[in-house]
Amino acid sequence: MKIAIPIDENKEDTTICMSFGRVPYFMFIDTESGLVEFIKNDAAESQGGAGIKAAQIIVDHQANILLTPRCGENAAEVIQAAGIKVYRTNGNSVKENIAALKEEKLTLLEEFHAGFHGHGNH
Amino acid sequence: MNIAVLSGKGGTGKTLVSVNLAAAAENAVYLDCDVEEPNGYLFFAPEKIIQKNISIQLPVIDRNRCTVCRKCVEFCNYNALACIAGRIILFEEVCHSCGGCRIVCPENAITEEEKVIGHIESGVSKNVKVKTGILNIGETSGIPIIQEILKENEEDQRIRIIDCPPGSACSVMESIRDADYCILVAEPTLFGVHNLNLVYELVSKFSKPHGVVINKCLEGENPAEQFCIDKKIKILGKIPFHQEIGMMNSKGMILVREKESYRNYFINLLNEVTEIRN
Ligand code: SF4
Ligand code: SF4
C-alpha cells in the first residue's frame, strides 16, 4: 500500500501541509517496503488548475491512499477516478496520522472545496 | 467615457446607481456585466431586443485516435487536462480555450467544439441603450461574455455605464479594464466598510480614478464615511435611506424618470464624475 501526504518540508520529521494543490512537497510511503519518497510538487507554481496537476502527480506515483486536510473538487475528481481513497488528516503530525490510518481511526474526506476556476490572473 | 460601478457585495445599490446614472445622461449605454445576476433590464424594460449567443471553443478528444502520449496534458498551462487510467479528461471550467492542445497533439486526436455559455441582449429604453450579459446556469466563468459586451465600441461618444459583478474577482477586473472612472457603492455599516475596502483595493491596484457613493444613509454614525475620510477617498454622494426610494426601487421604477429632484441629483453626480476626468 502506498500512501501520499502533502508536506511542508522534504524531510521525515516534517508536518502535514494545509494546502493540497500548492503544497511544496509530497511524501510517498510504501507500507510494505517501508520506502519513503519525497517529490517536489511542480503544480505549486502553476497559474491555475494546481489541484488537478498535483492530483496527477499522486496518480502517476500510483498511490492507493491520500491523507490530506483538504482537497479541491477538481483534484478529488482526478484522484477518485484513479481509485485512490482520500482520508482526512487529524492534526499535522505525519507519524500520528499514519498510525491512525492503520488503526482505522481516520475518516474518508467527503467535502471538497470549489476551485478557483483558474481564472485568477485573467 | 466609461464609468464602472462596483460594490464589494450584491444588494448595496450598485444597480440603482448604475441605472439612474445611465438614465440621467442625455445619451448613454448601460452595460450589465453582472452576468450571473443581471437585473438592470428589469428597470429599463428595453425594447427591440436583439439576442446574440456567446460561445467558447472546447477541445474534444477522439479516444480511438489518442495514444495517451500525454503531450496535451504537459502542454496545457492551465492544467485543464489530466490523464487517468489511460484516458485523457478535460476540466471544462479550467480550460481557457487557447487551442494549444489541438496543435500539439501528434495524432490529430483533438478537435474543437463550440459550447454556448450564455448570451447578450441588446435593446433600447428611451435615451438609453441597454446591453445585458447573461451567463447560463452551471457555467463558471462569465469573462468571455463580459469581454464581448465591452468589446463592441459604440458608434458615438455616448457615456457608457458599466454595472460590474459584485466582489473583486477576475470578472470585476475584466469589467473595469477600460474604465475611465470607477464609482464604488457602499453601505454605511461596519460590514459595508469591509466590502468597500475590497473594491477600493482593487481600483487602487489598477490605478483607476475613483469615488464613493454611500447608499442607505441614516442619521448618526457612518463608518463608511469615516473610512473614506481616513483613506482620503472622494465621497461623490450620499443617498439617504428613504422609504420612497426603497419603494420605487422594489417596483422596478427608475428614480430619475419619476421625479425632478432625483433627476437633478443623478445629473449632478454624473457631471461631477465627468468633470473630475476632464
Ligand atoms: S484549449 Fe488550451 S486551456 Fe484548454 S485544455 Fe487545451 S491547452 Fe488547455
Ligand atoms: S496529445 Fe493527443 S494523442 Fe497525446 S494524449 Fe493528448 S490527445 Fe492523446
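Residues numbered from 1 in each chain as written. Chains lettered and ligands numbered in written order. Predicted model: local features only at pLDDT ≥ 70, side-chain atom pairs only at ≥ 80, totals over all residues. Heavy atoms only, no water.

Colleague: Would you explain the overall build of chain B in this entry?
Modeller: Helix and strand counts for chain B come out as 11 helices and 11 strands. Taken over the C-alpha atoms alone, chain B extends approximately 70 × 45 × 35 Å along its principal axes. Across the 278 residues that make up chain B, the buried fraction comes to 51%. At a minimum sequence separation of 6, the contacts of chain B that also span at least 24 residues come to 72%. Looking at charge distribution, chain B has the averaged site of its 30 positive side-chain charges lying 2 Å from that of its 36 negative ones. (Helix = DSSP H or I, 4+ residues; strand = E, 2+ residues; numbered from the N terminus. Buried < 20%, exposed > 50% of the residue type's maximum accessible area, 1.4 Å probe, protein only. Contact = heavy atoms within 4.5 Å. Lys, Arg positive; Asp, Glu negative; His and termini not counted. Charge placed at Lys NZ, Arg CZ, Asp CG, Glu CD.)

Colleague: Hey, could you run me through the packing of aromatic side chains in this one?
Modeller: Ring pairs (aromatic) are described by centroid distance and by the angle formed between their planes. All names here are of chain B. The final tally for this structure, using the stated rule, is four aromatic pairs over all chains. Residues Tyr200 and Phe227 carry aromatic rings whose centres are separated by 6.0 Å and whose planes lie at 90° to one another, so their mutual orientation is edge-to-face. Placement of Tyr200 in helix α7 (residues 190-205) and of Phe227 in helix α8 (residues 223-231) is noted, with a sequence separation of 27 residues between them. Tyr200 gets classed as buried once you look at its relative accessible area, which sits at 16%. (Phe/Tyr/Trp six-rings, centres within 6.5 Å; stacked < 30°, edge-to-face > 60°.)

Colleague: What's the story with the interface of chain B and chain A in this structure? I'm lost.
Modeller: Quite often, the size of an interface is put as the accessible area lost when its parts meet. At the interface, 20 residues of chain B touch 20 residues of chain A. Across the chain B to chain A interface the summed buried area is about 1700 Å²; carbon plus sulfur atoms make up 56%. Of all residues in chain B, the largest losses of buried area upon contact with chain A belong to Asn79(B), Ile84(B) and Phe91(B), amounting jointly to 31% of the total for that side. On inspection of chain B and its partner chain A, the count reaches one salt bridge. Across the salt bridge formed by Arg70(B) and Asp60(A), the nearest N and O atoms sit 2.4 Å from each other. If you look at where chain B meets chain A, you find five residue pairs in polar contact (both at pLDDT 80 or more). Taken together, the elements giving at least two residues each to the side of chain B that touches chain A come down to β4 (81-84), α5 (143-151) and α6 (170-176) of chain B. Per element, the largest residue contribution to the side of chain B that touches chain A is four residues, and it comes from β4(B). (Buried area = accessible area lost by both parts, 1.4 Å probe. Salt bridge = Lys/Arg side-chain N within 4 Å of Asp/Glu carboxyl O. Polar contact = N/O pair within 3.5 Å; in protein donor to acceptor, adjacent residues only side chain to side chain.)

Colleague: What am I meant to see in the pattern of salt bridges here?
Modeller: Once their charged atoms are close, side chains differing in charge can pair, the charge on each being opposite to the other. Taken as a whole and assessed by the stated rule, the structure comprises 18 salt bridges over all chains. Among the ionic pairs, Lys105(A) bridges to Glu103(A), the shortest N-O distance being 2.9 Å. A salt bridge links Glu187(B) to Lys9(B), with the nearest nitrogen and oxygen atoms 4.0 Å apart. Taken together, the positions of Glu187(B) in the loop between β9 (181-186) and α7 and Lys9(B) in the loop between β1 (2-6) and α1 (14-24) put the pair 178 residues apart, joining distant regions of the chain. A cluster of three or more residues bridged by salt bridges with shared partners is formed by Lys9(B), Glu187(B) and Lys216(B).

Colleague: Any chance you could explain the site of ligand 1 here in plain terms?
Modeller: Close to ligand 1 lie 13 residues, the nearest being Cys76(B), Cys95(B), Cys98(B), Gly99(B) and Cys101(B). Its residues placed into classes, the shell around ligand 1 shows 10 nonpolar, three polar and no charged. (Near = heavy atom within 4 Å. Nonpolar A, V, L, I, M, F, W, Y, C, P; charged D, E, K, R; others polar.)

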